[in-house]
Amino acid sequence: MDLRIFTEPQQGATYDTLLTVAKATEDLGFDAFFRSDHYLKMGDVDGLPGPTDAWITLAGLARETRRIRLGTLMTAATFRLPGVLAIQVAQVDQMSGGRVELGLGAGWFEEEHKAYGIPFPQAKFGRLEEQLEIVTGLWATESGKTFDFHGEHYDLTASPALPKPAQPKIPVLIGGHGATRTPRLAARFADEFNMPFASVEDSARQFGRVRAAAEEAGRDADGITYSNALVVCVGKDDQEVARRAAAIGREVDELKTNGLAGTPAEVVEKIGRYAETGSRRFYLQILDLHDLDHLELISAEVQSQL
């Protein structure tokens, strides 16, 4: 069972803050440090000092860490051309010694596109599918050969398909709640399928759809890793849980319903319920990046029991 730390820097974080959290993630024995890929804050926060770019951040962390995996939940296909994205991710993988994973999604937050002049196409799913074909195709192209792709949205001719990642295959994460197209896309491209902010019941239902799509595609459904992303709020007692919930502007009961919240024993029990659906990896959404004691408690009292 892997526990990964998942951050939302668009809500307000400097690179130095992210570096501190990433180093704590490594020192405390967590499996990975992931971050969102957004350029605009959400909700009632000031977002200061402003956004940091996901892949620039991960490039820096690649040189400052040694063990943890590094990646995105999720990079938006609308943000970067697929050839450029393939270069960026491959380079960060080289810089990390082969520790990078790519979460790629269609993109959904129209306001951030408007705020920074990024085109926001109406037909996004087809673009995502082509991006996955291109990025994985470029990485898989044998050295010395070229890659061509002629699709509806992108056209590549005689690409040298360089640079190559350090890993033979960078793991690709796909996720979402879609009932039909998302499972089919995961069956084609995903090394991992992530269910974001969903109940045990909804996770079980969606994992089942992905498994069925994989089997229909002639793929071993057990070859895909199934995971959940959930907000986390752990305290050694009810008072500490309430304090941490208040610090992120959430109610304890809501967090217990929609996330992993409560005492370590309560959180371990709920993780066990998700594990019964086939989930083997958890992205713990940490919203207070300055509360490193929170990470220490999770490491000592939750991770140690899994």
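Of all six residues in strand β5 (residues 100-105), six are buried, a share of seventy percent or more. Side chains V100, L102 and L104 project from β5 onto one buried face, and the interleaved E101, G103 and G105 project onto a second face that is buried too. As paired elements, strand β3 (residues 69-72) and β5 share two bridges and run parallel to each other. Directly across from G71, in β5, lies its bridge partner E101. Relative to β5, strand β4 (residues 75-76) is paired through two bridges, and the arrangement is parallel. Bridge assignment links T75 to a residue of β5, and that residue is L104. Regarding topology, helix α3 (residues 82-96) serves as the crossover connection from β4 to the parallel β5, and that connection is right-handed. Of the strand pairs in this sheet, β5 and strand β8 (residues 172-175) are connected by two bridges, and their pairing is parallel. Within the sheet, the bridge partner assigned to G103 lies in β8 and is L173.

Time to look at the layout of surface pockets. Empty space within the largest pocket amounts to approximately 630 Å³. Around the largest pocket, the lining comprises 28 residues; the ones closest to its centre are L73, M74, G105, W108 and P196. Taken together, the residues of the lining of the largest pocket break down into 15 nonpolar, 10 polar and three charged. Of the voids in this model, the second largest pocket is the one considered here, and its volume is about 440 Å³. Residue lining of the second largest pocket: 18 residues in total, with Q11, I248, R250, L287 and D288 positioned closest to the centre.

Conventions and cut-offs
Residues numbered from 1 in each chain as written. Predicted model: local features only at pLDDT ≥ 70, side-chain atom pairs only at ≥ 80, totals over all residues. Heavy atoms only, no water. Buried < 20%, exposed > 50% of the residue type's maximum accessible area, 1.4 Å probe, protein only. Helix = DSSP H or I, 4+ residues; strand = E, 2+ residues; numbered from the N terminus. Pairing = 2+ DSSP bridges. Right-handed = clockwise from strand over helix to strand, strands pointing away. 1 Å grid on protein atoms, 1.4 Å probe; cavity = no way out; pocket = protein on both sides within 12 Å on 5 of 7 lines; lining within 4 Å. Points joined across faces, edges and corners; volume = space filled by probe spheres on them. Nonpolar A, V, L, I, M, F, W, Y, C, P; charged D, E, K, R; others polar.

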